There are 2 protein chains.
Amino acid sequence: MRITLLAGGIGGARFTRGLLHHLRTSGIDADVAVIGNTGDDIRVFGLQVCPDLDSVMYTLGGGISEERGWGREDETFVVKGELANYGVEPTWFGLGDRDTATHLVRTQMLDAGYPLSAVTEALCARWQPGVRLIPMTDDRVETHVVVDGEETGTRRALHFQEWWIRYRASLPALAFVLVGGDTAKPAPGVLEVIAEADVVLLPPSNPVVSIGMVLQVPGVREALRSTAAPVVGVSPIVGGAPVRGMADACLAAIGVDTTAEAVARHYGPRVAALPAGADGGGILDGWLVHDGTGSMASDASAVDPLTALGIPTRAVPLLMTDVEATAAIAAQALALAEDVRR
Amino acid sequence: MRITLLAGGIGGARFTRGLLHHLRTSGIDADVAVIGNTGDDIRVFGLQVCPDLDSVMYTLGGGISEERGWGREDETFVVKGELANYGVEPTWFGLGDRDTATHLVRTQMLDAGYPLSAVTEALCARWQPGVRLIPMTDDRVETHVVVDGEETGTRRALHFQEWWIRYRASLPALAFVLVGGDTAKPAPGVLEVIAEADVVLLPPSNPVVSIGMVLQVPGVREALRSTAAPVVGVSPIVGGAPVRGMADACLAAIGVDTTAEAVARHYGPRVAALPAGADGGGILDGWLVHDGTGSMASDASAVDPLTALGIPTRAVPLLMTDVEATAAIAAQALALAEDVRR
């Protein structure tokens, strides 16, 4: 069985870990490929940092800080402190010492001419994430956020990481732009693992700045529209709020309500002949929303309207409280994919 | 008063620290410039590392590890350990975490187009070493060591750092080559601080791979030959052995005995009209050797023959056991310079 996921950082990483757990405990033999968002990537202190790729790699490889959800466990921050002593900006960037080694290896290989996909493969040789991790593109792209300044006419764009980390997404975003996205080419393997998949899953990653950016790489949306595999998504919005992160601030910028239903409508049904939005047609064959189990409210009211729209939708427990709970969500996603297979 | 020194790593750094202590406690107002060896520089893990410049900067700025004599105090080695976990070579290079920040700042500035001299000035803005620290050249140069392999015909060259750190200078050196030295230009200020100095001092740095490499930068030897300032050296060899480091292994390669007298003869008297060696004439107006105070044997037997050769030589206590002892050596060097001033 071949399963392909589009992923951002922590949400995609933890969902994939649950999926692998489900496959292992169920004795299902599968090749899993993860197409990782690289819009978050940033060159900082001369180091090429790929936050989402690293979150997937560390989470699946057993090196992630479970507490922070990003970066390494048992991390220290000596380098960061020293850089601050030199007065080097940006001081808001959380550069860990263990993490620094990863970035040094990556930067050195990139500078030597290796594409990011080859570099990622080399890094994964150590971490053995159990998936084929592919950056969405080998080209240099960066998500920038357009914001208004306090004064009229001071609109400006800043790197997503600065908006996210430094400003904690508190500056109202007017738009997200994948700089370099227009001319970016999918990395080797990206279109193939979509085309040749038996199932494509969209984990509960940020629909705007994570999965949304993967979809902006020319060819990816078309590949999702044309693959024989069912495409099933898991709502990152539970009970009207993002489970983690600040997806609401991102959704507001693109005029999408922070509801499980609105996000599915934004992705759009794949059966629709016409584009759901201006950007080339829907991509979903199925959608999972939260059934109200646990502390968060139910989104089951989305099931009927979305199903009527052409996105068969099921309400199931969607809180990734631990690996077992996450594995159960992945199992539900695979089951839905089987049921909607055309 | 303007004092200029040519320096390698620990020997030059500690001597300069003693000199500054002497100037301060004696109320002597002086501008001190240190021309640092950059032949030891190495690009490693994508970082540009300048061991000798950093030793001077850290020692004079209060950040050096007194125990190791190189790198930072309270240093940790997390990055190094992680790089080893990735299987990245070279594993023999002692990259500290605090040190990594220095290298990141330097590499980023170099990549942005700043010359090494400007980068060094920027780093010194934090450390305030109390001297003007100038790299001998802004051009990329590297000292390589020619060695024989175990088999006949397997002669090869390796970077000085690899020979020094990895092999602890145990591979017999056939030659030291400053790769890039032929076409290197002195960094801005190098020739000026020699020409305009009131005194030039050669601290007890390695005469082959430290001061010897500074002398190989085209124009430096000529500047020393033509400056109006007296040029006084301090023997790095005491009682027939290097005080620290492995200068004997370096001297053997160039056919110079490990004695205070032989090193002075190698530098050569400046008064000689003809070259002392094949490389452009002598540079010394005066020389300090050890008088036997403390645990090491006396080199006083060198005084008469060297003085007769045209290098006025004095035997004084030369062990840099602490800052005060080192300050006394510096005072002796300045006194000798006054006495030999032409």
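Below is a summary of the structure that appears in this document.

Overview of the environment of A:Val234
Residue and element names in this part refer to chain A.
- Within the secondary structure layout, Val 234 lies in strand β10 (residues 231-234).
- Measuring from C-alpha to C-alpha, the distance between Val 234 and Ala 260 comes to 9.0 Å, with 26 residues separating the pair along the chain.
- For Val 234, the contacting residues outside a window of four places in its chain are Phe 15, Leu 202, Pro 203, Pro 204, Trp 287, Leu 288, Leu 318, Ile 329 and Ala 333.

What about the packing of aromatic side chains?
- Tallied over the full model, the rule gives 14 aromatic pairs over all chains.
- On the numbers, 6.0 Å between centres and 40° between planes, the contact of B:Phe160 with B:Trp163 is tilted. Of the two residues, B:Phe160 and B:Trp163 both sit in helix α6 (residues 160-166), three residues apart, roughly one turn of that helix.
- For B:Phe160, a relative accessible area of 2% translates into the label buried.
- Note on B:Trp163: relative accessible area 0%, which makes it buried.
- Among the aromatic side chains, those forming a connected cluster through ring pairs are A:Phe160, A:Trp163, A:Trp164 and A:Phe176.
- Here A:Arg68 stacks its cationic end above the ring of A:Trp70, 4.5 Å away from the centre of that ring.

Regarding the packing of helix α1 (residues 10-25) of chain A against helix α13 (residues 323-340) of chain A
Residues and elements named next belong to chain A.
- Running from amino to carboxyl end, α1 crosses α13 at an angle of 80°, the nearest separation of the two axes being 7 Å. Judged by the angle between their axes, α1 and α13 are roughly perpendicular. Taking contact as the criterion, the partners of Arg 14, Phe 15, Arg 17, Gly 18, Leu 19, His 21, His 22 and Leu 23 in α1 are, on α13, Val 323, Glu 324, Thr 326, Ala 327, Ile 329, Ala 330, Ala 331, Ala 333 and Leu 334.
- A per-class count over the contact of α1 with α13 returns ten nonpolar, four polar and three charged.

A look at empty space enclosed by the protein
- Counted by the stated rule, this structure contains one cavity of 30 Å³ or more.
- Reported here for the largest cavity is a volume of approximately 100 Å³.
- Around the largest cavity, the lining is made up of 16 residues, and of these A:Gly46, A:Thr107, B:Gly46, B:Thr107 and B:Asp111 lie nearest the centre.
- Looking at the lining of the largest cavity, the elements that each hand over two or more residues are α4 (97-111) of chain A together with α4 (97-111) of chain B.
- For the lining of the largest cavity, the residue count by class is six nonpolar, six polar and four charged.

Some words on the nonpolar core
- Judged by nonpolar contacts, the single largest core of 113 residues is most densely connected at A:Ile3, A:Leu19, A:Val32, A:Leu201, B:Leu19, B:Val32 and B:Leu201.
- For A:Leu19, the contacting residues outside a window of four places in its chain are A:Ile3, A:Leu5, A:Val32, A:Leu201, A:Ala330 and A:Leu334.

Overview of the interface of chain A and chain B
- Every contact between the two is made by 25 residues of chain A and, on the other side, 25 residues of chain B.
- Carbon and sulfur atoms supply 65% of the area that chain A and chain B bury against each other, a total of about 2,100 Å² over both sides.
- Linking chain A with chain B are six salt bridges, by the criterion used here.
- A salt bridge links B:Glu82 to A:Arg72, with the shortest nitrogen-to-oxygen separation between them at 2.7 Å.
- The tally of links from chain A across to chain B stands at ten residue pairs in polar contact (both at pLDDT 80 or more).
- For the side of chain A that touches chain B, the elements supplying multiple residues, two or more each, are α2 (51-61), α3 (78-85), α4 and α5 (116-127) of chain A.
- The element best represented in the side of chain A that touches chain B is α4(A), accounting for eight residues.

Concerning the sheet that holds strand β5 (residues 132-135) of chain A
All names here are of chain A.
- Pairing in this open sheet of seven strands is parallel, and the strands run β5-β2-β1-β9-β10-β13-β14 from one edge to the other. A strand with exactly one partner marks an edge of an open sheet, and here the two such strands are β5 and β14 (313-316). Taking each pair of neighbouring strands and ignoring which way they run, the sheet shows an average axis angle of 20°.
- Looking at chain direction, β10 and strand β13 (residues 286-290) are connected through three bridges and run parallel. Paired with Gly 233 across the two strands is Trp 287, which belongs to β13.
- Most of the contacts of α2 go to β5, to which it runs at about 175°, and overall it touches β1 (2-7), β2 (31-36) and β5.

A few points about α1(A)
Residues and elements named next belong to chain A.
- For α1, spanning 16 residues, the distance from its first C-alpha to its last is 22 Å, which sits close to the expected 22 Å at 1.5 Å a residue.
- Across the 16 residues that make up α1, a large majority, twelve, are buried.
- Among the residues making up α1, those that are buried are Gly 11, Gly 12, Ala 13, Phe 15, Thr 16, Arg 17, Gly 18, Leu 19, Leu 20, His 21, His 22 and Leu 23.
- Tucked into the core, α1 has its buried residues touching β1, β2, α2, β9 (199-202), β10 and α13.

Concerning α3(A)
- Taken together, the buried positions of α3(A) are A:Val78, A:Val79, A:Glu82 and A:Leu83. Buried residues along α3(A) cover an arc of 135° about the axis, so they all sit on one side.

Examining the pairing of strand β10 (residues 231-234) of chain B
Residue and element names in this part refer to chain B.
- Taking every second residue as pointing to the same face, both faces of β10 are buried, with Val 231 and Gly 233 on one and Val 232 and Val 234 on the other.
- Sheet analysis places strand β9 (residues 199-202) next to β10, joined by three bridges and oriented parallel. From the neighbouring strand, Leu 202 faces β10, where its bridge partner is Gly 233.

Observations regarding the state of the cysteines
Residues and elements named next belong to chain B.
- Overall, the coordinates contain zero disulfides over all chains when judged by the stated rule.
- Cys 50 takes part in no disulfide bond, and the closest cysteine sulfur to it belongs to Cys 124, at a distance of 11 Å.
- Note on Cys 50: relative accessible area 0%, which makes it buried.
- Between Cys 250, a free cysteine, and Cys 50, which holds the nearest cysteine sulfur, the sulfur-to-sulfur gap is 19 Å.
- Under the relative-accessibility criterion, Cys 250 is labelled buried at 0%.

Examining the side chain of A:Thr16
Residues and elements named next belong to chain A.
- Tracing the backbone shows Thr 16 in helix α1.
- Owing to a relative accessible area of 0%, Thr 16 belongs among the buried residues under this scheme.
- Among all residues touching Thr 16, those that are not within four sequence positions of it are Leu 5, Val 34, Leu 60 and Val 131.

What counts and what doesn't
Residues numbered from 1 in each chain as written. Chains lettered and ligands numbered in written order. Predicted model: local features only at pLDDT ≥ 70, side-chain atom pairs only at ≥ 80, totals over all residues. Heavy atoms only, no water. Helix = DSSP H or I, 4+ residues; strand = E, 2+ residues; numbered from the N terminus. Contact = heavy atoms within 4.5 Å. Phe/Tyr/Trp six-rings, centres within 6.5 Å; stacked < 30°, edge-to-face > 60°. Buried < 20%, exposed > 50% of the residue type's maximum accessible area, 1.4 Å probe, protein only. Lys NZ or Arg CZ within 6 Å of the ring centre and 35° of its normal. Axes fitted to C-alpha atoms, helices over the stretch in contact; angles between N-to-C directions. Parallel < 35°, antiparallel > 145°, perpendicular 65-115°, else oblique. Nonpolar A, V, L, I, M, F, W, Y, C, P; charged D, E, K, R; others polar. 1 Å grid on protein atoms, 1.4 Å probe; cavity = no way out; pocket = protein on both sides within 12 Å on 5 of 7 lines; lining within 4 Å. Points joined across faces, edges and corners; volume = space filled by probe spheres on them. Core = buried A, V, L, I, M, F, W, Y, C linked by side-chain atoms within 4.5 Å. Buried area = accessible area lost by both parts, 1.4 Å probe. Salt bridge = Lys/Arg side-chain N within 4 Å of Asp/Glu carboxyl O. Polar contact = N/O pair within 3.5 Å; in protein donor to acceptor, adjacent residues only side chain to side chain. Pairing = 2+ DSSP bridges. Expected span 1.5 Å × (residues − 1). Arc of directions from axis to C-beta. Disulfide = S-S within 2.5 Å.

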